[in-house]
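Reading the structure
Below, each chain spelled out in residue letters.
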Amino acid sequence: MITGLPYRPCPLVLAAPSGTGKTTIAHALVDRFDHFVFSVSATTRRARGDEEHGVDYDFVSRERFRAMIEDGELVEWAEVHGNLYGTPMANLEAAQDRGEHVVLDIDVQGARQIRRRIPEAVLIFVFPPSAEALWDRLTSRGTEKLDEARRRMRAGRGELEEARHFDYIVVNDDLERAVARVRAIVEAESHRPARALDLADSVSRLRREIDEVVKRAGAEEVTRG
Ligand code: ADP
Ligand code: 5GP
């Protein structure tokens, strides 16, 4: 019996104005569900708070970052709020090999590059429920000074223009609901024929089985007279 066709996993891009909660959603997906892996980006920004090298980011020098660009190691990269950020191609390849959905928590410039280079990626733009909620989240995180938070709010205002180019928009009002919405999108995307592995084989097998069942039914009719 077929319960589900094997499918190619989805590279999943989450982009949003800073402070909306996309990193929180990305980590919730990875922590709660099987087959989700977080894409650890390289960045030239310094680690803040309890961020860990290799877990939250690979914290690298500008020289190292430049070398990664020159060696073609990054599938996309961008300068965001004065620092360089990029996604190693190896993250996508490793996830593909293991059959895992790789979650990219990146900015809108990076999302645009992924759209061009990885057409099968699923792009989700996360909306804050309101400007007040966004401000509260940005400032309560305690990682930015007020003028930096203002700068990020203004940048986010511009980034909202990009939302219409994404595949989906998910509002992060309540975290549980937002995570469930993203999970539902991935579930639906996994059932697209274009993502099915060996679809031609599955169709041939099912057709052969149909022929056998019809033949058997015909034989039973003859026997019954
Ligand atoms: P981003 O990655 O989009 O910059 P974060 O994931 O760092 O944002 O979230 C910013 C802050 O908002 C964090 O303190 C996080 O705990 C909080 N947060 C995230 N989602 C929600 C939510 N649905 N409701 C309330 N607070 C949230
Ligand atoms: P933060 O410094 O707050 O962790 O991240 C700042 C912004 O950079 C966020 O919008 C985050 O999603 C984005 N970002 C993180 N990693 C990458 C990446 O690899 N590529 C791009 N383009 N943006 C990234």
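Use the structure listed above.
Residues numbered from 1 in each chain as written. Chains lettered and ligands numbered in written order. Predicted model: local features only at pLDDT ≥ 70, side-chain atom pairs only at ≥ 80, totals over all residues. Heavy atoms only, no water.

If you look at the biggest cluster of nonpolar residues, it comprises 21 residues, and the most contacted ones within it are Leu12, Leu14, Ile25, Leu29, Val103, Ile124 and Val182. Every element with two or more residues in this core is listed here: β1 (12-15), α1 (22-32), β2 (36-38), β8 (122-127) and α7 (175-189). Among the elements that make up this core, the one with the highest residue count is α7 (five residues). Ranked by size, the runner-up nonpolar core spans 17 residues in total, among them Leu92, Ile114, Ala121 and Phe125. (Core = buried A, V, L, I, M, F, W, Y, C linked by side-chain atoms within 4.5 Å. Buried < 20%, exposed > 50% of the residue type's maximum accessible area, 1.4 Å probe, protein only. Helix = DSSP H or I, 4+ residues; strand = E, 2+ residues; numbered from the N terminus.)

Quick look at the pairing of β8 now. Taking burial as the measure, the six residues of β8 include five buried ones, the bulk of the element. Bridging between β1 and β8 involves four bridges; their strand directions are parallel. Within the sheet, the bridge partner assigned to Leu14 lies in β8 and is Ile124. (Pairing = 2+ DSSP bridges.)

Once that is clear, we can look at the sheet that holds β8. Spatial strand order, β2-β7-β1-β8-β9: five strands in an open sheet with parallel pairing. Of all strands in the sheet, those with a lone pairing partner are β2 and β9 (168-171), marking the two edges. In this sheet, neighbouring strand axes are inclined to one another by 30° on average, regardless of whether the strands run parallel or antiparallel. (Axes fitted to C-alpha atoms, helices over the stretch in contact; angles between N-to-C directions.)

Lining the immediate surroundings of ligand 1 are 14 residues, of which Gly19, Thr23, Thr24, Arg141 and Asn172 lie closest. The contact in question runs from an oxygen atom of ligand 1 to an N or O atom on the backbone of Gly19, over 2.8 Å. The backbone of Gly21 places a nitrogen or oxygen atom 2.9 Å from an oxygen atom of ligand 1. With the chains in place, 74% of the 570 Å² that ligand 1 exposes on its own is no longer accessible. With respect to the pocket detection grid, ligand 1 is positioned in the largest pocket. The greatest single-element share of the shell around ligand 1, amounting to three residues, is contributed by α1. Here the residues of the shell around ligand 1 sort into two nonpolar, seven polar and five charged. (Near = heavy atom within 4 Å. Polar contact = N/O pair within 3.5 Å; in protein donor to acceptor, adjacent residues only side chain to side chain. Areas by Shrake-Rupley, 256 points an atom, 1.4 Å probe, with all protein chains shown as cover. 1 Å grid on protein atoms, 1.4 Å probe; cavity = no way out; pocket = protein on both sides within 12 Å on 5 of 7 lines; lining within 4 Å. Sits in = over half its atoms within 2 Å of the grid points. Nonpolar A, V, L, I, M, F, W, Y, C, P; charged D, E, K, R; others polar.)

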